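Listed here are the chains, written in short residue letters.
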Amino acid sequence: MKSIYQDKIFAEFWNNRSGEDGEDYKRFVLDPLMLSNLGSLEKKLVLELGCGNGYMSNKFLGKQARKVILMDISAENLRYAKEKSEDQRVKFVEHDATTKWPFKTQSIDVIYSNMVLNELPEINMAISEAFRVMKPGGTFIFSVLHPI
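Residues numbered from 1 in each chain as written. Predicted model: local features only at pLDDT ≥ 70, side-chain atom pairs only at ≥ 80, totals over all residues. Heavy atoms only, no water.

Colleague: Teacher, can you tell me more about the overall build of the chain here?
Modeller: Summing up its helical and strand segments, the chain has five helices and five strands in all. Along the chain, helices (α) and strands (β) appear in the sequence α-α-β-α-β-α-β-β-α-β when read from the amino end. A globule of 148 residues ought to have a C-alpha radius of gyration of about 15 Å, and the chain, at 14 Å, matches this closely. Projected onto its principal axes, the C-alpha positions of the chain cover 40 × 35 × 30 Å. Evaluated residue by residue, the chain yields a buried proportion of 50% over its 148 residues. Sequence separation of 24 or more characterises 65% of the internal contacts of the chain that already satisfy a separation of 6 or more. Roughly 7800 Å² of accessible area belongs to the chain as shown, and the carbon and sulfur atoms make up 53% of that amount. Across the chain, the centroid of the 20 positively charged side chains sits 7 Å from that of the 20 negatively charged ones. (Helix = DSSP H or I, 4+ residues; strand = E, 2+ residues; numbered from the N terminus. Rg over C-alpha atoms; globule rule 2.2 N^0.38 Å. Buried < 20%, exposed > 50% of the residue type's maximum accessible area, 1.4 Å probe, protein only. Contact = heavy atoms within 4.5 Å. Areas by Shrake-Rupley, 256 points an atom, 1.4 Å probe, with all protein chains shown as cover. Lys, Arg positive; Asp, Glu negative; His and termini not counted. Charge placed at Lys NZ, Arg CZ, Asp CG, Glu CD.)

This is the structure we're talking about:
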């Protein structure tokens, strides 16, 4: 196990804590700020790096994303994410962000990562892979500092 989020009991705790809209500091502070900086997602392919329980998927679709890829190291987190969205435009990928990502070069319009990079023991590969898979002119938006 590389991450505590892969533990079934911890994933259940985190899912209960995040709920349908994310923890309070994400719901009321980080997510609105990050989403407003993204602008329109119309016709864009969005990759959420470290999706947790997937509560953001419907927010991306609500901003007209063409397709959403939820990527997480935890099969347990992805199980909860699948419960939140049955939309065919949402795909689920179990993958460790610190290894080469399973996406084509310059194929992703937007990479969204909220409070994930700070959880990685080594971020060089994740940052390199984000820039490899991002389309020219694409967006990589992330948060790393805890608001409290």
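Colleague: Explain the sheet that holds strand E3 (residues 90-94) here, please?
Modeller: Backbone hydrogen bonds are what pair the strands of a sheet, in a parallel or an antiparallel way. Spatial ordering of the open sheet is given by E3-E2-E1-E4-E5, a layout of five strands whose pairing is parallel. Strand pairing shows two members of the sheet lacking a second neighbour, E3 and strand E5 (134-143), which therefore form its edges. If you compare each strand with its neighbour and ignore which way they point, the axes differ by 20° on average. Inspection of the sheet shows strand E2 (residues 67-72) paired to E3 by five bridges, in the parallel sense. Residue Met 71 lies in a different strand from E3, and its bridge partner there is Val 93. (Pairing = 2+ DSSP bridges. Axes fitted to C-alpha atoms, helices over the stretch in contact; angles between N-to-C directions.)

Colleague: How should unusual backbone geometry be read in this particular structure?
Modeller: Glycine aside, residues mostly have negative phi, and peptide bonds are mostly found in the trans state. Residue Gln 64 is not a glycine yet carries a positive backbone phi of 75°. One can find Gln 64 in the loop between helix H3 (57-62) and E2. Residue Gln 64 is classed as partly exposed on the basis of its relative accessible area, which comes to 48%. In this structure, Met 115 is a non-glycine residue whose phi angle is positive, near 65°. Counting through the fold element by element, Met 115 comes out in the loop between strand E4 (108-114) and helix H5 (124-133). Accessibility expressed as a relative area gives 9% for Met 115, which makes it buried.

Colleague: So what exactly am I meant to see when it comes to the packing of aromatic side chains here?
Modeller: Each aromatic ring pair is described using two quantities: the centre-to-centre distance and the angle formed by the ring planes. Evaluation of the coordinates by the stated rule reveals eight aromatic pairs. Taken together, a centroid distance of 4.9 Å and an interplanar angle of 45° make the contact between Phe 140 and Phe 142 tilted. Take Phe 140: its relative accessible area is 14%, and that puts it in the buried class. Exposure remark for Phe 142: the relative accessible area of 39% places this residue in the partly exposed category. (Phe/Tyr/Trp six-rings, centres within 6.5 Å; stacked < 30°, edge-to-face > 60°.)

Colleague: I'm lost on the packing of helix H1 (residues 8-18) against helix H4 (residues 75-84) in this one. Help?
Modeller: Each pair of packed helices can be described by the angle between their axes along with the distance between the axes. Closest axis-to-axis distance for the H1/H4 pair is 9 Å, and the angle between their directions is 35°. Along this stretch, H1 crosses H4, giving a crossing that reads as right-handed. Contact residues: H1 offers Lys 8, Ala 11, Glu 12 and Asn 15, while H4 offers Glu 76, Asn 77, Arg 79, Tyr 80 and Lys 84. (Left-handed = near helix turned anticlockwise from the far one by under 90°.)

Colleague: Before we go on, may I ask you to explain a nonpolar patch on the surface in this structure?
Modeller: A cluster of nonpolar side chains, namely Phe 142, Val 144 and Leu 145, defines an oily patch on the protein surface of about 290 Å² accessible area. Among the secondary structure elements, Val 144 is positioned in the segment after E5. (Patch = residues over 30% accessible without salt bridge, like charges linked within 9 Å, V, L, I, M, F, W, Y side chains within 5 Å. Salt bridge = Lys/Arg side-chain N within 4 Å of Asp/Glu carboxyl O.)

Colleague: Is there a simple way to think about the pairing of strand E1 (residues 45-49) in this case?
Modeller: Each regular strand displays side chains that alternate between the two surfaces of the sheet. For E1, the tally of buried residues reaches five of five residues, placing the bulk of the element in the interior. Residues Leu 45, Leu 47 and Leu 49 of E1 are buried on one face, and the alternating residues Val 46 and Glu 48, pointing to the opposite face, are buried as well. Pairing of E1 with E2, which is carried by five bridges, proceeds in the parallel orientation. Residue pairing in the sheet places Leu 47 in a bridge with Ile 69 of E2.

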